[in-house]
Amino acid sequence: MPIGCNKNYIMKSFGSKPWILPQPVLIIGTYDKDGKPNAMNAAWGGQWDMHEIIISMGSHATTDNLAETPELTVTFATADTMTASDYVGIVSGRNTPDKMDKTGWTVEKAPNVNAPVFKEFPMTLECRVKQKIDESETGYYLVAEIVNILCDEKYLAEDGKPDVEKMELITFDPVRHTYIQLGKTVGNAFSDGKQLK
């Protein structure tokens, strides 16, 4: 052990793993060529720019749908929607025609894009495909422009903006393959750090 090292602070090495924490549980909504809604669960995604997101996409019914109609909705799984959100991640729309019926979700057409909104979710991004990076038969990285954000009014705070605490969002734990509910606010970004100036 190197001099000055405390044996209680030894780091264990795990090599390269997809363990960015926390990971969102994104539900992507699309329509197929006949206007039938579909949803899939995607964990590898995040903000790309001020008005854009990026999602790592494999080859799915969703990518088939986006080839026909390059518009989608993206929402965030919650404690209440967890079971059905997991289901749409493990069952393919290519093989299960009644996939969406089993979720029990209420589907409406998004007001600004040709994609479905699932009303059980508190907040939804209406998006349009901007770019597909490294596209191949196994998938691509999807860059999508955020056209609009919809939020159920019961999840708004007193200032009229979305209240994330009320939403009971969940995050994917890639280490143990579990879902964890996000908790309470513990600080203020761009503010609390000023104490150390």
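Refer to the structure printed above.
Residues numbered from 1 in each chain as written. Predicted model: local features only at pLDDT ≥ 70, side-chain atom pairs only at ≥ 80, totals over all residues. Heavy atoms only, no water.

Caption draft 1: Inspection of the pairing of strand β12 (residues 178-181) at higher detail. The sheet contact formed by strand β11 (residues 170-173) and β12 spans 4 bridges and is antiparallel. Residue pairing across strands places F172 opposite Y179, the latter belonging to β12. Where β11 folds back on β12, the antiparallel hairpin that results is connected by 4 residues, among which H177 adopts a positive phi of roughly 55 degrees. (Pairing = 2+ DSSP bridges. Helix = DSSP H or I, 4+ residues; strand = E, 2+ residues; numbered from the N terminus.)

Caption draft 2: Spatial organisation of the pairing of strand β9 (residues 123-136). Looking at chain direction, strand β6 (residues 71-76) and β9 are connected through 5 bridges and run antiparallel. When the sheet's bridge partners are listed, T75 is paired in β9 with T124. Pairing between β9 and strand β10 (residues 139-151): 11 bridges, direction antiparallel. Bridging across to β10, L125 finds its partner in I149. Hairpin connection from β9 to β10: 2 residues lie between these consecutive antiparallel strands.

Caption draft 3: Fine view of the environment of G45. Tracing the sequence through the fold places G45 in strand β4 (residues 45-49). Residue classification places G45 among the partly exposed positions, given a relative accessible area of 24%. Ignoring anything within four residues of it in the chain, the contact list for G45 reads P24, L26, I54 and I55. (Buried < 20%, exposed > 50% of the residue type's maximum accessible area, 1.4 Å probe, protein only. Contact = heavy atoms within 4.5 Å.)

Caption draft 4: Summary view of the pattern of salt bridges. If you walk through the whole model with that rule in mind, you get 4 salt bridges. Between E52 and K130 there is a salt bridge, with its nearest N and O atoms 2.4 Å apart. In this pair, E52 sits in strand β5 (residues 52-57) while K130 sits in strand β9, placing the two residues 78 residues apart along the sequence. Under the relative-accessibility criterion, E52 is labelled buried at 11%. (Salt bridge = Lys/Arg side-chain N within 4 Å of Asp/Glu carboxyl O.)

Caption draft 5: Inspection of the nonpolar core at higher detail. I53, I55, M57, L72, V74 and C127 are the most contacted members of the largest nonpolar core, which has 22 residues in total. Listed in part, the 15 residues of the second largest apolar core include A84, V91, M100 and W105. (Core = buried A, V, L, I, M, F, W, Y, C linked by side-chain atoms within 4.5 Å.)

Caption draft 6: Structural view of helix α2 (residues 82-90). Buried residues of α2: A84, S85, Y87 and V88, and no others. The arc that holds every buried residue of α2, seen down its axis, measures 155 degrees, which confines them to one face. Of the exposed residues in α2, those oriented more than 90 degrees away from the buried face are T83 and I90. (Arc of directions from axis to C-beta.)

Caption draft 7: The side chain of N41, seen in detail. Relative to the helices and strands, N41 resides in strand β3 (residues 37-42). By relative accessible area, N41 is classed as buried at 17%. At 3.0 Å, the side chain of N41 forms a polar contact with the backbone oxygen of S85. When near neighbours in sequence (up to four residues on either side) are disregarded, N41 contacts V25, L26, I27, S85, D86, V88, G89 and Y179. (Polar contact = N/O pair within 3.5 Å; in protein donor to acceptor, adjacent residues only side chain to side chain.)

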